[in-house]
Amino acid sequence: MSSKSAPPPLPEPLGVAVADSHTHLDMQDGTVEEALARAAAVGVTTVVQVGCDIKGSRWAAETAAAHREVHAAVALHPNEAPRIVLGDPGGWSRQGAREAGGDAALDDALAEIDRLAALDEVRAVGETGLDYFRTGPEGMAAQERSFRAHIEIAKRHGKALVIHDREAHADVLRILAEEGAPERTVFHCYSGDAEMAEACAAAGYFMSFAGNVTFKNAQPLRDALAVAPTELVLVETDAPFLTPAPYRGRPNAPYLVPVTLRAMAKVKGLDEDTLASAIAANTARAFDY
């Protein structure tokens, strides 16, 4: 295995245990047990496993039911909603090519997310939101309808809402304001600037930072982190994606949270244990565990 594709080494363990607020264990190599053991060895003792479609959401709920250190989030990803309604002839998603199912198919899928959201091991509804990077104008109506439905489901079940916002900041904030955000709302893989961080803070939204906060070109993200109130900051991997520097491009996993957390502590001017303690408490509060 070349060093480019090899998993990065285990970092120094954290002094204070934290949670990975957003990971996709079903897309990572190896078993869930191996992933959790490696994470625990470096002080990452809790993970939030996030579903992106029906199959992944069911898997998240089952995995959380089987492992006390795993909590589940269930949803149709913003790019999944248009695929359900309009079809996916190119088969870009993990399910391969699909026929258009129309609004009825989206309603059926949302009903299943609603069912899963009622389960105890499911602590959040997400990742939902808007993605203008992958979905063009033709898919926006389905995406928005799905997002509004997920907000309603989260509120009705008293669960956190996990937001995926890609190149859609203004519309995401607008729809949250229009619908009334759930009491606990998390911007996963926070991607806005400092001005948006101030708007999120004013609304009481949590901001979860991923490995991309370590990238050279990510100064706007670091500026956002600098102004984000420490009591609203979370850390995540979004693994297997967004592996932090210096391992960018190699497979990500929950055990790499310490790399990102240490970079975040520098930006915040806090010592590692202080930030880790805050993040551990914030994540438990955000996901109500």
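All values reported here derive from a predicted model rather than from experimental measurement.

S.K.: A description of unusual backbone geometry should follow, citing residues and the corresponding values.
M.R.: If a residue is not glycine, its phi is most likely negative; likewise, a peptide bond is most likely trans. Gly 126 connects to Glu 127 through a cis peptide bond whose omega is 15°. In this fold, Glu 127 is placed in strand β4 (residues 122-131). Ala 239 connects to Pro 240 through a cis peptide bond whose omega is 15°. The phi torsion at Glu 167 lies on the positive side, around 55°, for a residue other than glycine. For Glu 167, a relative accessible area of 52% gives the class exposed.

S.K.: For the nonpolar core, give the residues involved together with the corresponding values.
M.R.: Phe 147, Leu 176, Phe 187, Tyr 190, Met 264 and Phe 287 are the most contacted members of the largest nonpolar core, which has 83 residues in total. Leaving out residues up to four positions away in the same chain, Phe 287 has contacts with Ser 21, Val 48, Arg 123, Ala 124, Ala 160, Val 162, Arg 184, Val 186 and Leu 234.

S.K.: Describe the sheet that holds strand β7 (residues 206-209), and please don't skip the residues or the numbers.
M.R.: What the 8 strands build is an open sheet, ordered β1-β2-β3-β4-β5-β6-β7-β8; its pairing is parallel. Looking along the sheet, the strands with just one partner apiece sit at the ends: β1 (18-23) and β8 (233-235). Ignoring strand direction, the axes of neighbouring strands in this sheet form an average angle of 30°. Relative to β4, strand β3 (residues 70-74) is paired through 3 bridges, and the arrangement is parallel. Paired with Ala 72 across the two strands is Val 122, which belongs to β4. Contacting β4 and β5 (160-166), helix α5 (residues 140-157) runs over the sheet at an angle of about 155° to β4. Together, β1, β2 (44-50), β7 and β8 form the strand contacts of helix α9 (residues 257-268), whose direction differs from that of β8 by roughly 145°.

S.K.: How would you explain the packing of aromatic side chains if you had to name every residue and give the values?
M.R.: For the structure shown, the criterion picks out 2 aromatic pairs. Between Phe 187 and Tyr 205 the ring centres are 5.7 Å apart and the planes differ by 35°, which places this aromatic pair in the tilted class. Pair noted here: Phe 187 is in strand β6 (residues 185-187) and Tyr 205 is in the loop between α7 (194-203) and β7, with a separation of 18 residues, a long-range link. On the accessibility criterion, Phe 187 (2% relative accessible area) is buried. The exposure class of Tyr 205 is buried, given its relative accessible area of 9%. Lying over the aromatic face of Phe 133, Arg 166 brings its terminal NZ or CZ to 3.6 Å of the ring centre. The ring of Phe 215 has Arg 248 sitting right over it, with the charged end atom 3.7 Å from the ring centre.

S.K.: Go over the packing of α5 against helix α6 (residues 169-179), please, and point to the residues and values.
M.R.: Helix packing geometry: the angle between the two helix axes and the distance between the axes. Two elements in contact, α5 and α6, have axes whose closest approach is 11 Å; the angle formed by their N-to-C orientations is 45°. The angle between the axes of α5 and α6 places the two elements in the oblique class. Read as a crossing pair, α5 and α6 show a hand that is right-handed. The segment α5 lies against α6, with Glu 144, Phe 147, Arg 148, Ile 151 and Lys 155 engaging Val 172, Arg 174, Ile 175, Leu 176, Glu 178 and Glu 179.

S.K.: Describe the side chain of Thr 128, listing the residues and the values that go with them.
M.R.: Summarising the element assignment, Thr 128 is placed in strand β4. Look at Thr 128 and you get buried, because its relative accessible area is 1%. Sequence-distant contacts of Thr 128, that is, excluding residues within four places in its chain, are made with Ala 75, Leu 76, Pro 78, Ser 146, Phe 147, His 150, Leu 161, Val 162, Ile 163 and His 164.

S.K.: Go over α6 with me, naming the residues and quoting the values.
M.R.: Listed as buried for α6 are Val 172, Ile 175 and Leu 176. For α6, the angular spread of the buried residues around the axis is 100°, confining them to a single face. Residues of α6 that are exposed and point over 90 degrees away from its buried face: Ala 170 and Ala 177. Elements in contact with the buried residues of α6: β4, α5, β5 and β6. Looking one or two residues beyond α6, the residue adopting positive phi is Gly 180, at roughly 85°.

Criteria and cut-off values
Residues numbered from 1 in each chain as written. Predicted model: local features only at pLDDT ≥ 70, side-chain atom pairs only at ≥ 80, totals over all residues. Heavy atoms only, no water. Helix = DSSP H or I, 4+ residues; strand = E, 2+ residues; numbered from the N terminus. Buried < 20%, exposed > 50% of the residue type's maximum accessible area, 1.4 Å probe, protein only. Core = buried A, V, L, I, M, F, W, Y, C linked by side-chain atoms within 4.5 Å. Contact = heavy atoms within 4.5 Å. Pairing = 2+ DSSP bridges. Axes fitted to C-alpha atoms, helices over the stretch in contact; angles between N-to-C directions. Phe/Tyr/Trp six-rings, centres within 6.5 Å; stacked < 30°, edge-to-face > 60°. Lys NZ or Arg CZ within 6 Å of the ring centre and 35° of its normal. Parallel < 35°, antiparallel > 145°, perpendicular 65-115°, else oblique. Left-handed = near helix turned anticlockwise from the far one by under 90°. Arc of directions from axis to C-beta.

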